[in-house]
Amino acid sequence: MKKNLFVLIIIVFATSCSSYQKAIRKTTDNVLISDFYKNQFAGLLVLDPETNDTLYAHQSKKYFTPASNTKIFTLYSSLQLLPENVPALKYAVDKNTLYIQGTGDPSFLHPHFQDSTSFHFLKKFNNIVFDLTNFEGEKLGQGWAWDDYQYYYQPEMTPLPLYGNVTTIFNTNGLDVTPDFFKDDVVRTWYKKNRELDHNTFYFSKSRKDTIEIPYRTDTLLTKKLLESALNKEVTLTKQPIEGDKQILYGQPSDSLYIRMMHESDNFIAEQLLILSSSTLSDTLSGKKTREYILKNQLADLEQPPRWVDGSGLSRYNLFSPESMVAVLNKMYQTVPKQRLFTIFPENAVSGTLKSWDYNGGYPKMYAKSGSLSNNYCLSGYLITSTGKILVFSFMNNHYQQSTSEVKKKMQQVLRQIADLY
């Protein structure tokens, strides 16, 4: 009798899931095969992570340009490799001399963080020797737009970032520049560029009242000068790695970097997180090393291995499928407490880059990461249904010529229908 009851429950459950899937497919197909999508590419996968049932799939195995959805893979990698607090510096002390190596920590003197762990630690020593030769890679990523060097969203990558590798300029009662080191390099005039390509000459019109962040051109000697200016003491450069056992100085909570990256879609934080993660694998800093390690180990089971070339999604060389995106989101859902996970992701109509997703009073509720480049918009994350179920989804749109706002409205329509039906 008990066996028959169990079989009956299984049959009812399977029939129920099948009816949900049919209803979702009918309503969603009506949108995705409409004329709106005739001349563009769209892929969608929706998964119930509790039952592992695929509720809807449309071109989900195909590759798309993910834009900032790439940061989901960067987040996953960081969660796998980084400890609770950021490894801020590697160091050794010999007699009265401090020897340091950067770890790629992006928060050191960063204008949006208040952590001063590294600063106060370095202030304790009069003799500081640091090595900046442990970074492998280019300052800018593969496939990045070269003429975006002057904009806030494309700072250079370095082993020891300072001030977020940007110059912050604003006009109150007078010109304010952070770091103050660059104050004499600001030209008070209107110009079509924010900065010269090959050197640190910045342009800021006298009439401007806003705040602007301009990436500065980095090099080893400039890092030395900036560090000396901040610490008000001389430091020494070396090309010799630290000998003997190294210790690690830990800084602020790693989650604070993840939240900044995901909520503000901060490209600099994303790139440096991959570099920072590599510091836990070896002394050589390399975002490529992190990507290769994660793909070979934790993500070796992906059926569509991505072409993954940066941490931020700035590169159009990146190629990911909705299925791979959902697989990584599901791995995080199964291993990270939901309260922590949903705090890291933007919430629609509430926070970050999803704050403007306020159609229908913010319903359905989502915790997701958006990604946009010209003619491309993607959204991947967690969808809360009308019955309180949590679904994992990835909705990728490439090569459209309509306005992004129209594309978003179609996406919202689809996601709302699924949330209503399940």
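Residues numbered from 1 in each chain as written. Predicted model: local features only at pLDDT ≥ 70, side-chain atom pairs only at ≥ 80, totals over all residues. Heavy atoms only, no water.

*Asks:* Where do I start with the side chain of S279 in this structure?
*Replies:* Mapped onto the fold, S279 is located in the loop between α6 (267–278) and α7 (287–296). Within polar-contact distance, the side chain of S279 engages the backbone oxygen of L276 at 2.6 Å. Discounting residues that sit within four places of it in the chain, S279 has contacts with P87, K90, T103 and L285. (Helix = DSSP H or I, 4+ residues; strand = E, 2+ residues; numbered from the N terminus. Polar contact = N/O pair within 3.5 Å; in protein donor to acceptor, adjacent residues only side chain to side chain. Contact = heavy atoms within 4.5 Å.)

*Asks:* When you look at the sheet that holds strand β2 (residues 53–58) in this model, what are you seeing that I'm missing?
*Replies:* Backbone-to-backbone hydrogen bonds pair the strands of a sheet. The strands run either parallel or antiparallel. Strand order in this open sheet of five strands is β2-β1-β15-β14-β13, and the pairing throughout is antiparallel. Of all the strands in the sheet, just β2 and β13 (366–373) have a single pairing partner and so form its edges. Put simply, the sheet's adjacent strands are angled 5 degrees from each other on average, direction ignored. Contacting β1 (41–48), β13, β14 (376–384) and β15 (390–398), helix α10 (residues 404–421) crosses the sheet at an angle of about 25 degrees to β14. (Pairing = 2+ DSSP bridges. Axes fitted to C-alpha atoms, helices over the stretch in contact; angles between N-to-C directions.)

*Asks:* Whenever I open this one, α10 confuses me. Can you help?
*Replies:* For an α-helix, the turn length of 3.6 residues means that residues three or four places apart are oriented alike. Taking 1.5 Å as the rise per residue, α10 with 18 residues should run 26 Å; its terminal C-alpha atoms sit 26 Å apart, in good agreement. Among all positions in α10, only V407, K408, M411, Q412, V414, L415, I418 and A419 are buried. Around the axis of α10, the buried residues are gathered within 170 degrees of arc, so they sit on the same side. (Expected span 1.5 Å × (residues − 1). Buried < 20%, exposed > 50% of the residue type's maximum accessible area, 1.4 Å probe, protein only. Arc of directions from axis to C-beta.)

*Asks:* Before we go on, may I ask you to explain the sheet that holds strand β7 (residues 175–178) in this structure?
*Replies:* A sheet is described by the order of its strands in space; here three strands give the open sequence β7-β6-β10, paired in antiparallel fashion. Whereas interior strands pair on both sides, the edge strands pair on one side only; in this sheet they are β7 and β10 (212–215). Averaged over neighbouring strand pairs, the angle between their axes works out to 20 degrees when direction is ignored. Examined bridge by bridge, strand β6 (residues 166–171) and β10 share four bridges and lie antiparallel to one another. Across the sheet, V166 pairs through a bridge with P215, a residue of β10.

*Asks:* What is the right way to look at the pattern of salt bridges in this model?
*Replies:* Counted according to the given criterion, the structure contains twelve salt bridges. With its nearest N and O atoms 2.8 Å apart, the salt bridge here joins E323 to K61. Pair noted here: E323 is in helix α8 (residues 322–335) and K61 is in the loop between β2 and α2 (70–81), with a separation of 262 residues, a long-range link. Looking at E323, the relative accessible area reads 17%, which means it is buried. Classification of K61 by relative accessible area gives partly exposed; the value is 48%. Between K246 and D283 there is a salt bridge, and its shortest N-O distance comes to 2.9 Å. With K246 in the loop between β11 (236–238) and β12 (247–253) and D283 in the loop between α6 and α7, this residue pair connects regions lying 37 residues apart in the sequence. Take K246: its relative accessible area is 28%, and that puts it in the partly exposed class. On the basis of relative accessible area, D283 is assigned to the partly exposed category, the value being 33%. A single network of salt bridges, built from pairs that share partners, joins K61, E303 and E323. (Salt bridge = Lys/Arg side-chain N within 4 Å of Asp/Glu carboxyl O.)

Function cannot be read off these values alone, since they describe shape.
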